[in-house]
Amino acid sequence: MSGQPRSRQPRPASQGRELTFWLLTRYSAVALFVLALAHFSMTHFIFDPAEQTAEWITQMRWNSLALRILDWSMLIIVLTHSFLGMRTVIMDYLKGTTQGVVLALLWILAAILVVLGSNVVLTLPMQ
Amino acid sequence: MARGTTLPAPRRGIRGAIAYRGGEGMLAWAFHRISGIAVWAFVILHVIDIYLVGGNPAAYNELLQIYASPPGRVMETLLGAALFYHALNGMRIVVMDLWPALTAYHRQLWRIVWITFFALGLPGAYIILKPIWELPK
Amino acid sequence: MTSNGSVELKIQRFDPERDAAPHWQTFTVPVEPMDRVLDLLTRAKELFDGSITFRRSCAHGVCGSDALLINGRNRLACKLRVEQLGKSVTVAPLPGLPIVKDLVVDMDGFFDKYRSVQPYLVASPVEGSGERLQSQEQRDRFDDTTKCILCAACTTSCPSFWAEPEYVGPAAIVNAHRFIFDSRDENAEARLDILSDEDGVWRCRTTFNCVEACPRGINITKAILEVSSAISAQE
Amino acid sequence: MTSGLRSSTTHTDVEAIVVGAGGAGLWAALELAREGIPTAVLTKLYPTRSHTGAAQGGVCAALGNVEEDHWEWHMFDTIKGGDYLADQDAAEVLAREAIPAVIELERMGLPFNRTPDGKIDQRRFGGHTRNFGEGPVRRSCYAADRTGHMILQTLYQQCIKAGVKFYDEYHVVDLVFEGGEANQGGRCSGVVGYKISDGTLHVIRAKAVLLATGGYGRAWRVTSNAHSLTGDGMSLAWRHGVPLQDMEFYQFHPTGIVGIGILLSEAARGEGGYLLNDSGTRFMETYAPKLMELAPRDMISRAIYQEVRAGRGIGGRDYIHLDVRHLGRKVIEEKLPDITDFARVYQGVEPISEPVPVQPTAHYAMGGVPTNLETEVLADARGTVVPGLFAAGEVACVSVHGANRLGTNSLVDLLVFGKRAGIRMAQICKSTSQPGSIQGAERAVRDELLELSTRPTGVRPAEIRRELAALMMDNVGVYRDEALLGAAVKRITALKLEYANVRVEDTGSVFNTDLLEARELGYLLDTAEATAVSAYARKESRGAHSREDFPERDDAKFLAHTLVWRGTEGAAASTIDYKPVTITKFEPKPRVY
Ligand SMILES: Cc1cc2nc3c(=O)[nH]c(=O)nc-3n(C[C@H](O)[C@H](O)[C@H](O)COP(=O)(O)OP(=O)(O)OC[C@H]3O[C@@H](n4cnc5c(N)ncnc54)[C@H](O)[C@@H]3O)c2cc1C
Ligand code: HEM
Ligand code: SF4
Ligand code: F3S
Ligand code: FES
């Protein structure tokens, strides 16, 4: 056992970080309730997956600036929400240095996904 | 504390959760976590495949064939189910966060989650799966 | 009263001076119609093995000594009738706390957390010889959370606590709530601050195990969420 | 060979020791902390597990928040309720100081129920009257149906705030005296505590030691008392030459759950519940035609016994019915939630549709360790103070309750005298020097515990405990007479001999409850003996003590407190003395309601 459990030490005043994360999870959840479900409905109910080839997406969906902005914001919100969620899961089940390492990998992965996703949604030329 | 003896490790973490006979709330949480992780895993995949739309359209289209195949559709249906459950239960949580008094009705809210889940989810699943037997092979 | 037959009582045993790990022992214990699990334990101790160890005092659900994991759920042994459990009763110590011996767990950490939320009234002195005034509505605001008997059934039933033993836990939050929402108290801010750190209220995932375990019927989750809202309102 | 204790002993010095963390102990600790006296509070239970938490009814103080009230009225009710055996100077202190004590509790944060104008709300309670007995008065301050719980929590919280040092789960197994035992002019100089979690002994030295260990209701089979109420403080003091006072006065509460004794509060009758015998008759008509079910506790308990004895118990058995069905679902669920809950959980009875089987249950010790108004323990009838030793709460006998305690007055007793104890101890600590070394003071008790925990064969403590409890129920219960009491004294003496052979099965030193329960049985035997011996000697009926062979109160001979000293080990011969009752304002009158 290393030192005293945290509950016996004087607790440092909160920096408000946990609150921010908590609120972010809730706000993003509400946004996703609309965005993600709409997205899923569009890709699965309105159109059939089979129709949505790469050409179709670039020509039909991303030909509209509005739709691009929508898709991009959804990307950011989903990544925020789900990576914050995974942070919780990891902090629950992994402890000590493992936790630190896995969290670091998690944030790297998040950054890669932001770059990859933004890259295609934002930089692909309009037709 | 007993001197010279190590205390046996109490049941904690996932093992504790499996051993404990929780109620609806615990099930709701377990499903929420599992579905959240599942959807997160898919999101990773999805961002990568979307990247291919710009990076390598041919590869994307090949992947799409897998998504549109019968096993792919079953997978998409499960994904939809996870997302839909997670979204509905997520709203159940958010609603209680906003109005703590609603915690007294968490079981009722949980029932509403499942009623909605099946009422909208079954037709949805039908739409996604229909092509399996309708499209020409 | 006439005897009602017997039940299989399965007890998790652990003697730190002999055993390397906990093990199970089963006793066939005679049972009377109105017996509670505490009566079974007491009888097993009296009839079969004096070394069976558990805490108890009031025997009617008001002191919080004998919260145990009974047939998979946290319950007060003195408040649970055997007849509601059928012919086999399984008793283990509260999950998530270090075992001292048999059914006795080390509660120090639990009480440390309770103490960490400053569970006492902080208020400036009043003039005169009379009481502080408080309306019945103001009093009702925190009535529910004054019922807590610190039995730890809630905290040790919480998956978040199992996952992170540093989580301050529902019991401590309940007792902080009792003061945060007391119109006479002047220290809410400090308590909200304590509860907004990494191991504070945010760890609650609305699992409701705590509410189901609470022998006093406190709506703990509601209290926790009220504290969360108070924290976000404060920032 | 392992045994229940470890060889190491820890020595600690403080200035004040409080044994017990119920209402009385906690308030004393708080006063000591306020005075900056280094204090150790030892308690065999976590403080919040103390039995003060079980009290529901309320705490009386003549605040006059809802109607006119005066402390003199409260004082009178207390004295009359106690059948004029209460010391009137003590009753005056109780009634006067109840008022600031309750106000102070509020200021400490106790969540009392409130009147419409925001003050502490008050309600009626049995035996508390307006203008010296004219009619009921609203005097009981309450926090829903958990006043005791809130008192315990609030005091504990304040102790945390004040940084009081607690020794949780330390069982005090002996008192230490220097210069002889209490009856030889000795001074109490510390205690020996047994740390339950590891079996080590802790010798703690101090200038002032307070006993606040509560009652001994576990001596009876049917009792409202916690398993832990085994008379520890009384017995330990008794073993060191302190007499016990008025032990024959033990209160039986009329409405306990059959067989297990859990209390169904007086509120059931306050709201209009009936007591019915086997033929469905409200039998209180015969015993108290005016007050009926609201007669004092001792009277109703006796009436129930009479009914049972006449074969009119339910089905010819030893209980009667408490019937609230006519009050309707709304009243039952809203005003009597505890009773409803208890009846459902513990009897499987639904009070809305069925009558609830009840019987008298052993409840409260009016007697105990004799003290003066400053809570200093007294060694004899002349009022010689035992230096360094104090007592407050149910363990003590000041005496404010006389021969029968009124509802709510026990909580008042804790508050008023717990506080007084703390204040007095602080004074003593400031004006005296630390007693001499008490190295080795644990030797005697170590030998006792070792002997007890290593005896290879013998009877189980549970067998003796069961027999004692049944004996006390049958022979030293609500009704007593010479034959019953004589037999009881004899049997208890025999049980004490058998006790010398009990065998503890658990030989470990970690959390050895088997050993401690055996030890507690020894305390119970002591207090039971003191009770039976005192009851045998008091040849009159007064308050809770009803002798069928002496049905009248006899002020000429027995308007006096009993003091009983323990005989030497193995001998039944206890010594008895009497000391006069202090009468200031109210001349004894027949007690009619
Ligand atoms: C069910 C019930 C309901 C009641 N309702 C009311 C009511 O409504 N109003 C009222 O005025 N009174 C009521 N009473 C009576 C009143 O509650 C008690 O008399 C009172 O609480 C006793 O308090 P205390 O501080 O003396 O001791 P307790 O609260 O009993 O505490 C005893 C303390 O001593 C400690 N202790 C004991 N032995 C040892 C030892 N050997 N070593 C270390 N520590 C030890 C224990 O751990 C505990 O902390 C009720 C009693 C019961 C049983
Ligand atoms: C679309 C992709 C989504 C992903 C990948 C995702 C993922 C996750 C993950 C991993 C968690 C953590 C679970 C835990 O802490 O146990 C989580 C939590 C949460 N999710 Fe989602 N989620 C998604 C969508 C949604 C939607 C649409 C909603 C609601 C409308 C939602 C609401 C929530 C809420 C409220 C939490 C917090 C749960 C808690 O703190 O107990 N999520 N999510
Ligand atoms: S909140 Fe309920 S379960 Fe938790 S400690 Fe308090 S009484 Fe026990
Ligand atoms: S069980 Fe735990 S997760 Fe929250 S609702 Fe209760 S504290
Ligand atoms: S023994 Fe007191 S709560 Fe069960």
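Residues numbered from 1 in each chain as written. Chains lettered and ligands numbered in written order. Predicted model: local features only at pLDDT ≥ 70, side-chain atom pairs only at ≥ 80, totals over all residues. Heavy atoms only, no water.

S.K.: I keep staring at the overall build of chain A and nothing clicks. Help me out?
M.R.: Regarding its fold elements, chain A presents 4 helices and 0 strands. Its helices and strands in sequence order give chain A the pattern α-α-α-α, from N to C terminus. Scored against the burial criterion, the 127 residues of chain A give a buried share of 43%. Looking at chain A as shown, the accessible area adds up to about 6800 Å², and 72% of this sits on carbon and sulfur atoms. (Helix = DSSP H or I, 4+ residues; strand = E, 2+ residues; numbered from the N terminus. Buried < 20%, exposed > 50% of the residue type's maximum accessible area, 1.4 Å probe, protein only. Areas by Shrake-Rupley, 256 points an atom, 1.4 Å probe, with all protein chains shown as cover.)

S.K.: What exactly am I supposed to notice about the overall build of chain B here?
M.R.: When you go through chain B residue by residue, the secondary structure sums to 5 helices and 0 strands. Overall, chain B shows an N-to-C arrangement of helices and strands of α-α-α-α-α. Counting all 137 residues of chain B, 45% fall into the buried class. Residue pairs in contact within chain B that sit at least 24 positions apart in sequence constitute 65% of those at least 6 positions apart. For chain B, the accessible area works out to roughly 7200 Å², and carbon and sulfur atoms hold 73% of it. (Contact = heavy atoms within 4.5 Å.)

S.K.: What is the right way to look at the sheet that holds strand E12 (residues 244-245) of chain D in this model?
M.R.: Remark on secondary structure: sheet strands pair via backbone hydrogen bonds, oriented parallel or antiparallel. Residue and element names in this part refer to chain D. Taken in spatial order, the 3 strands make up an open sheet running E12-E23-E24, and their pairing is antiparallel. At either end of the open sheet lies a strand with only one pairing partner, and these are E12 and strand E24 (575-580). Summarising the sheet, E12 and strand E23 (residues 560-565) pair through 2 bridges and their orientation is antiparallel. When the bridges of E23 are listed, Gln245 appears paired with Leu563. (Pairing = 2+ DSSP bridges.)

S.K.: Whenever I open this one, the sheet that holds strand E11 (residues 208-211) of chain D confuses me. Can you help?
M.R.: Residue and element names in this part refer to chain D. Here 6 strands make up an open sheet; going across it, the order is E7-E3-E2-E11-E19-E18 and the pairing mixed. Looking at which strands have only one partner, the edges of the open sheet turn out to be strand E7 (165-168) and strand E18 (376-378). Each adjacent strand pair in this sheet contributes to an overall mean axis angle of 30 degrees, direction not counted. As paired elements, E11 and strand E19 (residues 385-391) share 3 bridges and run parallel to each other. Of the residues in E19, the one forming a bridge with Val209 is Leu389. (Axes fitted to C-alpha atoms, helices over the stretch in contact; angles between N-to-C directions.)

S.K.: Would you explain the site of ligand 1 in this entry?
M.R.: All names here are of chain D. Surrounding ligand 1, one finds 39 residues, the nearest of these being Ser50, Thr52, Asp232, Glu394 and Leu411. In this structure, Ala21 approaches ligand 1 through a main-chain N or O atom, which is 2.8 Å from an oxygen atom. Starting from 1000 Å² of accessible surface for ligand 1 in isolation, the protein chains cover 97%. For the shell around ligand 1, the secondary structure elements donating two or more residues are helix H1 (23-34), strand E3 (39-43), strand E8 (170-178), strand E16 (356-365) and helix H11 (409-431). With 4 residues, H11 is the largest single contributor of residues to the shell around ligand 1. Within the shell around ligand 1, the residues separate by chemical class into 15 nonpolar, 20 polar and 4 charged. (Near = heavy atom within 4 Å. Polar contact = N/O pair within 3.5 Å; in protein donor to acceptor, adjacent residues only side chain to side chain. Nonpolar A, V, L, I, M, F, W, Y, C, P; charged D, E, K, R; others polar.)

S.K.: Any chance you could explain the side chain of Glu520 of chain D here in plain terms?
M.R.: Residues and elements named next belong to chain D. For Glu520, the position within the fold is in helix H15 (residues 513-537). For Glu520, the side chain forms a polar contact with the side chain of Lys44, separated by 2.8 Å. Sequence-distant contacts of Glu520, defined by excluding residues within four places in its chain, comprise Lys44, His171, Thr230 and Asp232.

S.K.: Is there a simple way to explain the pairing of E19 of chain D in this structure?
M.R.: For a regular strand, side chains alternate in direction, first toward one face of the sheet and then toward the other. Residues and elements named next belong to chain D. Most of E19 sits out of view: 5 of its 7 residues are buried. The pairing of E18 with E19 spans 2 bridges and is classified as antiparallel. Within E19, the position partnered with Leu378 by the bridge is Val385. Taking the residues between adjacent antiparallel strands as the criterion, E18 and E19 are bridged by 6 residues, where Gly383 takes a positive phi near 90 degrees.

S.K.: Just checking my understanding: could you explain the coordination of the iron atom of ligand 2 for this structure?
M.R.: Perfect tetrahedral coordination of a metal by four donors corresponds to 109.5 degrees between them, and perfect octahedral coordination by six donors corresponds to 90 or 180 degrees. Listed as protein donors to the iron atom of ligand 2 are His81 of chain A (NE2) and His86 of chain B (NE2); their distances from the metal cover 2.0 Å. Metal-centred angles of 83 to 180 degrees between the 6 donor atoms at the iron atom of ligand 2 mark the site as octahedral. With His81 of chain A in helix H3 (residues 65-93) and His86 of chain B in helix H4 (residues 70-98), the pair connects residues from two separate chains. Across this residue pair, the class does not change: His81 of chain A and His86 of chain B are buried. (Donors = N, O, S within 2.8 Å, 3.2 Å for Na, K, Ca; no water. Tetrahedral: all angles 85-135°; square planar, octahedral: opposite > 155°, others 65-115°.)

S.K.: Would you take a moment to explain helix H14 (residues 482-499) of chain D for this structure?
M.R.: An α-helical segment advances 3.6 residues per turn. Residues three or four places apart therefore align on the same side. Residue and element names in this part refer to chain D. The first and last C-alpha atoms of H14 sit 25 Å apart over 18 residues, in line with the 26 Å expected at 1.5 Å per residue. Every buried residue belonging to H14 is among Leu485, Ala488, Val489, Ile492, Thr493, Leu495 and Tyr499, and all of these are buried. When H14 is viewed along its axis, its buried side chains cluster within an angular range of 160 degrees and face the same direction. Opposite the buried face of H14, at more than 90 degrees from it, the exposed residues are Ala483, Lys490 and Leu497. Buried residues in H14 make contact with helix H12 (443-454), helix H13 (461-475), strand E21 (479-480), H15 and strand E22 (546-547). For H14, the capping residue at the N-terminal end is Asp481, with a side-chain oxygen 3.0 Å from the backbone nitrogen of Ala483. (Expected span 1.5 Å × (residues − 1). Arc of directions from axis to C-beta.)

S.K.: Help me out: how do you make sense of the environment of Arg329 of chain D in this one?
M.R.: All names here are of chain D. Mapped onto the elements, Arg329 comes out in helix H9 (residues 328-335). Since its relative accessible area comes to 54%, Arg329 is described here as exposed. For the pair formed by Arg329 and Pro351, sequence separation is 22 residues and the distance between their alpha carbons is 8.9 Å.

S.K.: Honestly, unusual backbone geometry in this entry has me stumped. Any pointers?
M.R.: Most peptide bonds are trans, and most residues other than glycine sit at a negative phi. Residue and element names in this part refer to chain D. Residue Ser399 is bonded to the preceding Val398 through a cis peptide linkage, with omega at 5 degrees. Backbone geometry places Glu169, a non-glycine residue, at a positive phi of 60 degrees. Mapped onto the elements, Glu169 comes out in the loop between E7 and E8. For Glu169, a relative accessible area of 10% puts it in the buried group. Even without being glycine, Asp246 reaches a positive phi, approximately 55 degrees.

S.K.: Explanation requested: the confidence of the model for chain A in the structure shown.
M.R.: Do not read the predicted coordinates in detail wherever pLDDT is low. On average, chain A scores 86 in pLDDT, and the residues at 70 or more come to 87%. Averaged over each element, pLDDT in chain A is lowest for helix H2 (residues 54-59) of chain A (86) and highest for H3 of chain A (94). (pLDDT = per-residue confidence, 0-100.)

S.K.: What am I meant to see in the interface of chain C and chain D here?
M.R.: Interface size, as often reported, equals the accessible area lost upon joining of the parts. On the chain D side, the residues contacting the 67 residues of chain C number 63 residues. Buried surface at the junction of chain C and chain D, both sides included, amounts to about 5300 Å², of which 47% is carbon and sulfur. At the surface where chain C touches chain D, the tally comes to 9 salt bridges. As a salt-bridge pair, Arg56 of chain C and Glu517 of chain D come within 3.5 Å of each other at their nearest N and O atoms. Our count for the contact surface shared by chain C and chain D stands at 47 residue pairs in polar contact (both at pLDDT 80 or more). Elements supplying a minimum of two residues to the side of chain C that touches chain D: helix H1 (37-47), strand E6 (99-101), helix H2 (108-116), helix H3 (136-140) and helix H5 (169-180) of chain C. Residues of the side of chain C that touches chain D, tallied by class, amount to 29 nonpolar, 15 polar and 23 charged. (Buried area = accessible area lost by both parts, 1.4 Å probe. Salt bridge = Lys/Arg side-chain N within 4 Å of Asp/Glu carboxyl O.)

S.K.: What is the right way to look at the side chain of Glu307 of chain D in this model?
M.R.: Residues and elements named next belong to chain D. By the secondary structure assignment, Glu307 is in helix H8 (residues 297-309). Residue Glu307 is classed as buried on the basis of its relative accessible area of 1%. At 2.8 Å, the side chain of Glu307 forms a polar contact with the side chain of Asn277. If sequence neighbours within four positions are ignored, Glu307 has contacts with Asn277, Phe283, Tyr287, Arg312 and Gly313.

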